[in-house]
Each structure stands twice: as structure tokens, then as C-alpha cells.
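Here is how the chains run, residue by residue.
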Amino acid sequence: MGGAFDRVTVERERLAVTAVKLAPRLLGAVLVSEIGGARVAVRLTEVEAYEGTADPASHGFRGPTPRTEIMFGPAGFLYCYFTYGMHWCANVVCGVEGRSSAVLMRAGEIVEGADVVAVRRPTAKRAVDYARGPARLASCLALDAAANGLDLCSADSPVRLEYVPSRARPGVRSGPRVGISVATEQPWRFWLPDEPTVSVFKAGGRKRVPPARHTEQP
DNA sequence: AGGACGATTAACT
DNA sequence: GTTAATCGTCCTC
């Protein structure tokens, strides 16, 4: 049907805005995963904007690489990356092609498939901790290398983004991003107030190491 | 070719 | 509060 194509186009257009614009709009939206033979859905409560080539904290800042290639394409695709030798995190690619803007999904509430999530995240003590943190959220939805580049707008896709509004709801909070060591002055972390799934802010992130670059003088 | 460093988490004291 | 785990990526030599 032509209608299905039109709907995908509309959804993708909706995501083709800057990360700072899209990030607060994604709060309350639902990400559905049917990876691994199970259906799990998370309602997003915390996200961060990364403005690609304009943002020193973005993986896309220094231009495309094999890892970040998907970020430089059109909006509405999933960017998954591996970090700290053990975790996966997931982003919604947004903005215009070539700029590599993306929104990191940091936390959410599991609204479907909690039984499956309990198996995927056996160390969680409470349900609010299931998707509290970006690597935990990715783990809940089984997002890893195989999910990188999947289309979030197509009804046929195993991972879909649903209920994204045109405007951010009132009351959205913002503050510095977590875990970065550059561009820390930008308040590009967004979250919903009074949500127990939102992670506590760890000030400053990783400690700044003194300049390791050292040239010996004769 | 070598090494520093993570958009983190869990398990410690 | 601190720190180990653990490896792909990217920068430097």
C-alpha cells in the first residue's frame, strides 16, 4: 500500500531535526523490540542529545568511521555502539544527512515484556532498575551489533519507535550530560520529572586526567 | 604496531 | 565512597 510508505516517510521526517530538538520530544515515546523472539517495549524517561559534527562529545565529531557510518545517514535508524569492553548503548539517529546527530536513550520504564527482561537482566533488584542506564536499556531490548542500522520507522522492522509527538511535553527537565569529559557545559541531558527510572546525575563524569601528551626536551 | 580511553555497570570497602 | 572488568576504536608513533 502507498499508505504504508507515506507513514514511514512522515515518521522519518519527524526525526529529521536536531538532536537537541528531538531529545525532549522522545521522552514518553515507546521503543518496541521484537529481537530474540520476544516483544519488549520501553517508555523513554531519560535521553541525551549529541549534535554530531558540531559537538565535541559526539562519536561523529571527527567525521565518519566504520563504527559511526550509520550516524551520517538519514534520520530514523538505530546507532548501537560497544563500550567499556562489555556494554552496548543505543541511539536514535536524527537530523540531516552528513551531520551525524543522534539521541542516546539513557533510561526508561518497561511497559511490555517484563518477564523477558527479568531473564535478560538477572542482577536487577527492582523493576525500575531494569532499563535505568543506557547499557541496561540496550540489554533489555537485546540491542547490540546485530541491531545497528535497523530502521526505527518501518512497521516491518524488529525495532520500532512509536508515539513520538511533534512537541516536547511540558515539564521536561534538562542538565549536563553524563560520563563525558568535553562539552560538559551543554545541558543536553533531558528527563521526565518524578520518574523512578531516571538515573541519578553523577557530576563531572570521568575524572579529567592531566595531559598525557609529553614531549621530551633535549 | 602500540597504547590510551571510553556516551558503563556491578561489586566492592 | 572506590575500583575491576574487558575489548573495540581511534590516535599516535
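Structure: above.
Overview of the structure. Here the structure is a predicted model, which is why all the values come from computation and not from measurement. (Residues numbered from 1 in each chain as written. Chains lettered and ligands numbered in written order. Predicted model: local features only at pLDDT ≥ 70, side-chain atom pairs only at ≥ 80, totals over all residues. Heavy atoms only, no water.)

### Details of the overall build of chain A
Here is step 1: Helix and strand content of chain A: 4 helices and 8 strands.
Here is step 2: Starting at the N terminus and walking to the C terminus, you meet the elements of chain A as α-α-β-β-β-β-β-α-α-β-β-β.
Here is step 3: Looking at chain A residue by residue over its 218 residues, the buried ones come to 46%.
Here is step 4: A sequence separation of at least 24 residues applies to 63% of the contacts in chain A between residues at least 6 apart. (Helix = DSSP H or I, 4+ residues; strand = E, 2+ residues; numbered from the N terminus. Buried < 20%, exposed > 50% of the residue type's maximum accessible area, 1.4 Å probe, protein only. Contact = heavy atoms within 4.5 Å.)

### Describing the side chain of Glu-48
Here is step 1: Note that Glu-48 resides in strand S2 (residues 40–51).
Here is step 2: One polar contact links the side chain of Glu-48 to the main-chain amide nitrogen of Val-178, over a distance of 2.7 Å.
Here is step 3: Look past the residues within four positions of Glu-48 in its chain and what remains in contact with it is Ala-102, Val-103, Leu-104, Arg-106, Arg-177, Val-178, Trp-188 and Arg-189. (Polar contact = N/O pair within 3.5 Å; in protein donor to acceptor, adjacent residues only side chain to side chain.)

### Considering the protein's contact with DNA strand B
Here is step 1: Neighbouring DNA strand B are 22 residues; His-59, Tyr-81, Asn-91, Arg-121 and Arg-136 lie closest to it.
Here is step 2: Protein-adjacent atoms of DNA strand B, using a 4 Å cutoff, are sugar or phosphate at a proportion of 55%.
Here is step 3: For DNA strand B, a phosphate oxygen lies 2.7 Å from a polar atom in the side chain of His-59.
Here is step 4: Breaking the surface near DNA strand B down by element, the ones donating at least two residues are strand S3 (78–83), strand S4 (87–93), strand S5 (101–112) and helix H4 (134–140).
Here is step 5: Top element by residues in the surface near DNA strand B is H4. It accounts for 3 residues.
Here is step 6: Taken together, the residues that form the surface near DNA strand B break down as 10 nonpolar, 8 polar and 4 charged. (Near = heavy atom within 4 Å. Nonpolar A, V, L, I, M, F, W, Y, C, P; charged D, E, K, R; others polar.)

### Examining the environment of Leu-22
Here is step 1: Positionally, Leu-22 belongs in helix H2 (residues 19–26).
Here is step 2: Accessibility expressed as a relative area gives 0% for Leu-22, which makes it buried.
Here is step 3: It is 7.6 Å that separates the C-alpha atoms of Leu-22 and Val-103, two residues lying 81 residues apart in sequence.
Here is step 4: Not counting residues within four places of it along the chain, the set of residues in contact with Leu-22 comprises Arg-14, Leu-15, Val-17, Val-92, Cys-94, Val-103 and Val-164.

### Remarks on the protein's contact with DNA strand C
Here is step 1: Lining the immediate environment of DNA strand C, one finds 8 residues, of which Arg-62, Thr-65, Tyr-84, Gly-85 and Met-86 sit closest.
Here is step 2: Atoms of DNA strand C within 4 Å of the protein belong to the sugar or the phosphate in 65% of instances, the rest to bases.
Here is step 3: At 2.6 Å from a phosphate oxygen of DNA strand C is found a side-chain nitrogen or oxygen belonging to Thr-65.
Here is step 4: The separation between a base oxygen of DNA strand C and a polar main-chain atom of Tyr-84 is 2.4 Å.
Here is step 5: Its residues assigned to classes, the surface near DNA strand C shows 3 nonpolar, 2 polar and 3 charged.

### Comments concerning H2
Here is step 1: When you tally the buried positions in H2, you get 6 out of 8 residues, the bulk of the element.
Here is step 2: Along H2, the positions that sit buried rather than exposed are Ala-19, Leu-22, Ala-23, Pro-24, Arg-25 and Leu-26.
Here is step 3: Following H2 by one or two positions, Gly-28 adopts a phi angle in the positive range, close to 100°.

### What about the packing of aromatic side chains?
Here is step 1: Per the stated rule, a full pass over the model turns up 2 aromatic pairs.
Here is step 2: With a centroid separation of 5.2 Å and 45° between ring planes, the pair formed by Phe-82 and Trp-88 is classed as tilted.
Here is step 3: Phe-82 sits in the partly exposed class, given a relative accessible area of 42%.
Here is step 4: Positioned above the aromatic ring of Tyr-50 is the side chain of Arg-177, whose terminal nitrogen or guanidinium carbon lies 4.6 Å from the ring centre.
Here is step 5: The residue whose ring lies beneath Arg-189 is Trp-191, and the NZ or CZ to ring-centre distance is 4.5 Å. (Phe/Tyr/Trp six-rings, centres within 6.5 Å; stacked < 30°, edge-to-face > 60°. Lys NZ or Arg CZ within 6 Å of the ring centre and 35° of its normal.)

### Let's talk about the state of the cysteines
Here is step 1: Inspection of every chain in the model, using the stated rule, returns 0 disulfides.
Here is step 2: The thiol of Cys-89 is not disulfide-bonded; the next cysteine sulfur, from Cys-80, is found 9.1 Å away.
Here is step 3: On the basis of relative accessibility, which here comes to 4%, the residue Cys-89 falls in the buried class.
Here is step 4: Between Cys-94, a cysteine without a disulfide, and Cys-153, which holds the nearest cysteine sulfur, the sulfur-to-sulfur distance is 11 Å.
Here is step 5: A relative accessible area of 0% means that Cys-94 is categorised as buried. (Disulfide = S-S within 2.5 Å.)

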